[in-house]
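Overview (structure and organization)
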Amino acid sequence: MENKAQIAQIIVSVIILVGFGGISLLAMKPGLIGDANQNVVLMLVGQWSTLSGLAAGYWLGSSSSSKSKDATIENMANKS
């Protein structure tokens, strides 16, 4: 069951990072965004940027090591 959860987390992280890259590229393309939609696109880029930072922070930050620590403690408890 845990493997399925890990795969789901990886898939969501990849979607977030690819989405951020795609929206960023579209936002930088000249003439694609009209004046009426500029604020909406900038807000979306900001939200995707935040999500990308959270996804990277999970995999590279303390959340990942905390999860590893919890698994180690659970394994030690099961052996006793």
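Everything discussed here concerns the structure shown above.
This one's a predicted model, so the numbers in the text were calculated from it and none came from an experiment. (Residues numbered from 1 in each chain as written. Predicted model: local features only at pLDDT ≥ 70, side-chain atom pairs only at ≥ 80, totals over all residues. Heavy atoms only, no water.)

Let's shift gears to the overall build of the chain. The helix and strand inventory of the chain stands at three helices and zero strands. Its helices and strands taken in sequence order, the chain reads α-α-α from the N to the C terminus. The C-alpha atoms of the chain give 18 Å as radius of gyration, which overshoots the globular expectation for 80 residues (12 Å, by more than 25%). Overall, the chain is about 65 × 20 × 15 Å in size when its C-alpha atoms are taken along their principal axes. Burial status across the chain gives 10% buried among its 80 residues. Within the structure as shown, the chain displays about 6300 Å² of accessible surface, and the carbon and sulfur contribution to it stands at 66%. Here the chain contributes 5 positive and 4 negative side-chain charges, whose respective centroids are spaced 7 Å apart. (Helix = DSSP H or I, 4+ residues; strand = E, 2+ residues; numbered from the N terminus. Rg over C-alpha atoms; globule rule 2.2 N^0.38 Å. Buried < 20%, exposed > 50% of the residue type's maximum accessible area, 1.4 Å probe, protein only. Areas by Shrake-Rupley, 256 points an atom, 1.4 Å probe, with all protein chains shown as cover. Lys, Arg positive; Asp, Glu negative; His and termini not counted. Charge placed at Lys NZ, Arg CZ, Asp CG, Glu CD.)

Mapped onto the elements, I33 comes out in the loop between α1 (2-28) and α2 (38-60). Taking the C-alpha atoms as reference points, I33 and L44, 11 residues apart in sequence, are found 13 Å from one another. When neighbours within four sequence positions are excluded, I33 is seen to be in contact with L26, A27, Q38 and V41. (Contact = heavy atoms within 4.5 Å.)

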